[in-house]
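Structural overview for review
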Amino acid sequence: MEQLRGDVGLDTAIETTVVEHAFTNAEINAEWNEQFTIDEEVTKIGVYFKTEMAGEIIRELLPEVFDFREVSVEIRDPAGEVRYNATHDTTKTAPYLLIEPDFDGRFASGEWDIFITGTGGGIVSEQDNFLLSVDVTRTCTIYPQDDICVVD
């Protein structure tokens, strides 16, 4: 009877942490802190970072503040080592980037920290904004009777 169930298979499951924000008024050095968990099943960590800086109307409203608009992202592993660092001060979409694993081909297990600092502004439909997406890919097991990905 057991052989009628089929074979157990391996697949991947992706868990995504998203941080996005639209500046609705003048915000100077606003901060966001998020975390995501890494364990021994993680095979990939990918990062997507995009900013849109509104038209010149924002700069014209408060030039002494908004001549300097930017969003900085830093991702640190549990040991505090910087594994991703980027700053955008214009409208920009960074290429999707894979964080390199350690020398043993694995990622440090534990809580990884995302630190974001941003200065931007917005009025009505003219808003600076950013999007950060961190994809964590894990190996998982598919049991034929359930046909769902289970991280063991």
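Quantities reported herein were computed from a predicted structural model and do not represent experimental measurements. (Residues numbered from 1 in each chain as written. Predicted model: local features only at pLDDT ≥ 70, side-chain atom pairs only at ≥ 80, totals over all residues. Heavy atoms only, no water.)

Quick look at the packing of aromatic side chains
For the coordinates displayed, the defined rule picks out 5 aromatic pairs. Arranged with centres 6.1 Å apart and planes meeting at 85°, the rings of Phe23 and Trp32 form a pair that is edge-to-face. Trp32 sits in the buried class, given a relative accessible area of 17%. Grouped by ring-pair contacts, the aromatic residues Phe23, Trp32 and Phe130 constitute a single cluster. (Phe/Tyr/Trp six-rings, centres within 6.5 Å; stacked < 30°, edge-to-face > 60°. Buried < 20%, exposed > 50% of the residue type's maximum accessible area, 1.4 Å probe, protein only.)

Observations concerning the side chain of His21
Residue placement: His21 occurs in strand E1 (residues 9–22). Among the polar contacts made by the side chain of His21, one reaches the side chain of Glu27 at a distance of 3.1 Å. Ignoring any residue separated from it by four or fewer positions in sequence, one finds His21 in contact with Glu27, Trp32, Asp128, Asn129 and Phe130. (Helix = DSSP H or I, 4+ residues; strand = E, 2+ residues; numbered from the N terminus. Polar contact = N/O pair within 3.5 Å; in protein donor to acceptor, adjacent residues only side chain to side chain. Contact = heavy atoms within 4.5 Å.)

A word on the pattern of salt bridges
Evaluation of the coordinates by the stated rule reveals 7 salt bridges. For Asp39, the salt bridge identified is with Arg138, shortest N-O distance 3.2 Å. With Asp39 in the loop between strand E2 (27–38) and strand E3 (42–52) and Arg138 in strand E11 (residues 129–142), this residue pair connects regions lying 99 residues apart in the sequence. Accessibility expressed as a relative area gives 22% for Asp39, which makes it partly exposed. Among the charged side chains, a network of salt bridges with common partners joins Glu15, Asp39 and Arg138. (Salt bridge = Lys/Arg side-chain N within 4 Å of Asp/Glu carboxyl O.)

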